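Each chain, letter by letter, is given below.
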Amino acid sequence: MQNSQFLAVFYMIMSMVAYQISASFAKQLFQVLDPLTVVTLRLCFASILIFMMFRSWKIIKRLPHLKWKDLLFYSASVCLMNVLFYASLGKLPQGIAVGLEFLGPLTLALLSIQRKIDYIWVVLAMIGIALMVPWQDTQQDHFSYVGAAFALGAGICWAFYIYFGQKVVRQNIGMHALTIAITLSALVMLPISAVHNPTALMQTQYWGQALIIALLATAIPYALDLMALKTLSKLSYGTLSSLSPALAAIAGMVLLKEHISLGQSIALLCIMIASIGVTFKPKSTVIEN
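Treat the numbers as computed from the prediction; the structure is a model and nothing was measured. (Residues numbered from 1 in each chain as written. Predicted model: local features only at pLDDT ≥ 70, side-chain atom pairs only at ≥ 80, totals over all residues. Heavy atoms only, no water.)

**What to know about the overall build of the protein chain**
Here is the rule we go by: Secondary structure is summarised from DSSP: a helix means a run of H or I of at least four residues, a strand means a run of E of at least two, and numbering begins at the N terminus for each. Throughout, exposure labels follow a simple rule: accessible area from a 1.4 Å probe, protein chains only, divided by the maximum for the residue type, with under 20% read as buried, over 50% as exposed, and the rest as partly exposed. The contact rule is simple, with two residues in contact once any of their heavy atoms fall within 4.5 Å. Per-residue and other accessible areas follow the Shrake-Rupley method at a 1.4 Å probe size, with only the shown protein chains counted as cover for residues.
In terms of helices and strands, the protein chain carries 13 helices and zero strands. Moving toward the C terminus, one meets the helices and strands of the protein chain in the order α-α-α-α-α-α-α-α-α-α-α-α-α. Buried positions account for 53% of the 289 residues belonging to the protein chain. Put simply, of all contacts in the protein chain between residues at least 6 apart along the chain, 89% involve residues at least 24 apart. Approximately 13,500 Å² of the protein chain is accessible, and the part contributed by carbon and sulfur atoms is 70%.

This is the structure in structure tokens:
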């Protein structure tokens, strides 16, 4: 397998690790700020970070010549994915929210299958997610069907994020595409949040936490995703996304000495096999149009 394929998988793993850590931080911040305010602060700080990191002032002259249809759909999917996922985190346990959201990329992977053997990897990933998610939490009083709907909606937006992300990277504008998407998302959310809860936005004592979340949840993972999507197909990306809850479980076992049940062990095995299977494939099937 080419080095570029290994590198793309590495980018995805690093992206998922950063995003899962940020979700835990965001969940803690929800105790003092509402999810809409948190996602707005995150997007605003992320737009500044990304603009400076990638020196995106260089793209200003090229703005009239870009393919704006793909960029606008990509930006809309980024914005809605963030809003819906954070809304679900405010109403659901993190494990349930993450598990439901993953149905989006896995469904896209299923629809992108071109070889019969790839059904095995996607089905294994789906079984792994089903076994990994703590469904017993749905029996608790704090489970919300509205939150579940938000998570599923975030999953649909995630599928569009992958689809249009692949189209955007072909415009050869590099990470400036991410700057455009995050900036547009921030510009849309800022007035909405200002009307919804203007005082919350100005509680500067929480800006430091929001800045960290912006870095871990947006600047780092989305940049890594764009680099990975240059090489990975929708099938590979969608299936490999199932590694995220597996990585969270492994981190809990290693760092926090948390117990992993037999079902979760089987889930980890299914996800790992699926990820290996979809990664080691003939060169001709790596990139989809």
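**Thoughts on empty space enclosed by the protein**
Rules: Grid points spaced at 1 Å over the protein atoms alone were grouped into cavities, where a 1.4 Å probe fits but cannot get out, and pockets, open sets with protein on both sides within 12 Å along at least five of seven lines, with lining residues defined by an atom within 4 Å of a point. Grid points are joined across faces, edges and corners, and a volume is the space filled by probe spheres set on the points. Residue polarity is assigned by list, with Asp, Glu, Lys and Arg as charged and Ala, Val, Leu, Ile, Met, Phe, Trp, Tyr, Cys and Pro as nonpolar; anything else, Gly included, falls into the polar class.
Evaluation of the coordinates by the stated rule reveals two cavities of 30 Å³ or more. By volume, the largest cavity is sized at about 190 Å³. S15, Y19, W158, D225 and Y237 are, among the 17 residues lining the largest cavity, the residues nearest its centre. Elements represented by at least two residues in the lining of the largest cavity include exactly α1 (3-29), α4 (94-101), α7 (145-169) and α10 (207-229). Split by residue class, the lining of the largest cavity holds 11 nonpolar, four polar and two charged.

**Notes on the packing of aromatic side chains**
Quick reminder of the rule: The aromatic pairing rule takes the rings of Phe, Tyr and Trp, using the six-membered ring of Trp, and pairs them if the centres are within 6.5 Å, calling planes under 30 degrees apart stacked, those over 60 edge-to-face and the rest tilted.
Across all of its chains, the model carries nine aromatic pairs by this definition. Consider the rings of F73 and F164, whose centres lie 4.9 Å apart with planes at 10°: the pair is stacked. With F73 in helix α3 (residues 68-89) and F164 in helix α7, this residue pair connects regions lying 91 residues apart in the sequence. Connected via pairs of aromatic rings, a cluster forms that spans F73, F160, Y163 and F164.

**A closer look at a nonpolar patch on the surface**
This is how it is decided: Patch building starts from residues that exceed 30% relative accessible area and form no salt bridge, then joins like charges within 9 Å and nonpolar side chains (Val, Leu, Ile, Met, Phe, Trp, Tyr) within 5 Å. Think of a salt bridge as a Lys or Arg side-chain nitrogen and an Asp or Glu carboxyl oxygen that are within 4 Å of each other.
A cluster of nonpolar side chains, contributed by L7, F10, M14, V17, I21, F25 and I212, occupies part of the molecular surface with about 570 Å² of accessible area. The dominant element in the nonpolar patch, judged by the number of residues it contributes, is α1, at six residues. Judged by its relative accessible area of 34%, F25 is partly exposed.

**As for helix α8 (residues 176-196)**
What counts, and what does not: What a helix is expected to span follows from its residue count: subtract one and scale by 1.5 Å. Here the bend at each residue means the angle between axes fitted to two seven-residue stretches, the one ending at that residue and the one beginning there.
The terminal C-alpha atoms of α8 lie 30 Å apart, and with 21 residues this matches the ideal 30 Å at 1.5 Å per residue to within 8%. Residue M189 marks the point of greatest curvature in α8, where the axis turns by about 25°; the proline P191 follows within four residues. Those residues of α8 not exposed but buried are H176, A177, L178, T179, I180, A181, I182, S185, A186, M189 and S193. Packed against the buried residues of α8 are α2 (35-53), α3, α7, α9 (198-201) and α10.

**Remarks on the environment of L84**
Relative to the helices and strands, L84 is located in helix α3. Taking C-alpha positions, L84 is 9.3 Å from L36, a pair spaced 48 residues apart along the chain. Excluding its chain neighbours within four sequence positions, the residues that come into contact with L84 are F150, G153, A154 and C157.

**Some points on α2**
To keep things clear, this is the line we draw: Here a polar contact is recorded for every N or O atom pair within 3.5 Å, except that within protein the pair must consist of a potential hydrogen donor and a potential acceptor, and residues adjacent in sequence are included only if both atoms are side-chain atoms.
Its 19 residues place the ends of α2 26 Å apart at the C-alpha level, agreeing with the 27 Å of an ideal helix rising 1.5 Å per residue. Those residues of α2 that fall on the buried side of the exposure criterion are T37, V38, V39, T40, L41, R42, L43, C44, F45, A46, S47 and I50. Sitting at the amino-terminal end of α2 is D34, which places a side-chain oxygen 3.2 Å from the backbone nitrogen of L36. After α2 finishes, the residue R55 shows a positive phi value of roughly 50°.

The analysis is restricted to geometry; functional conclusions fall outside its scope.
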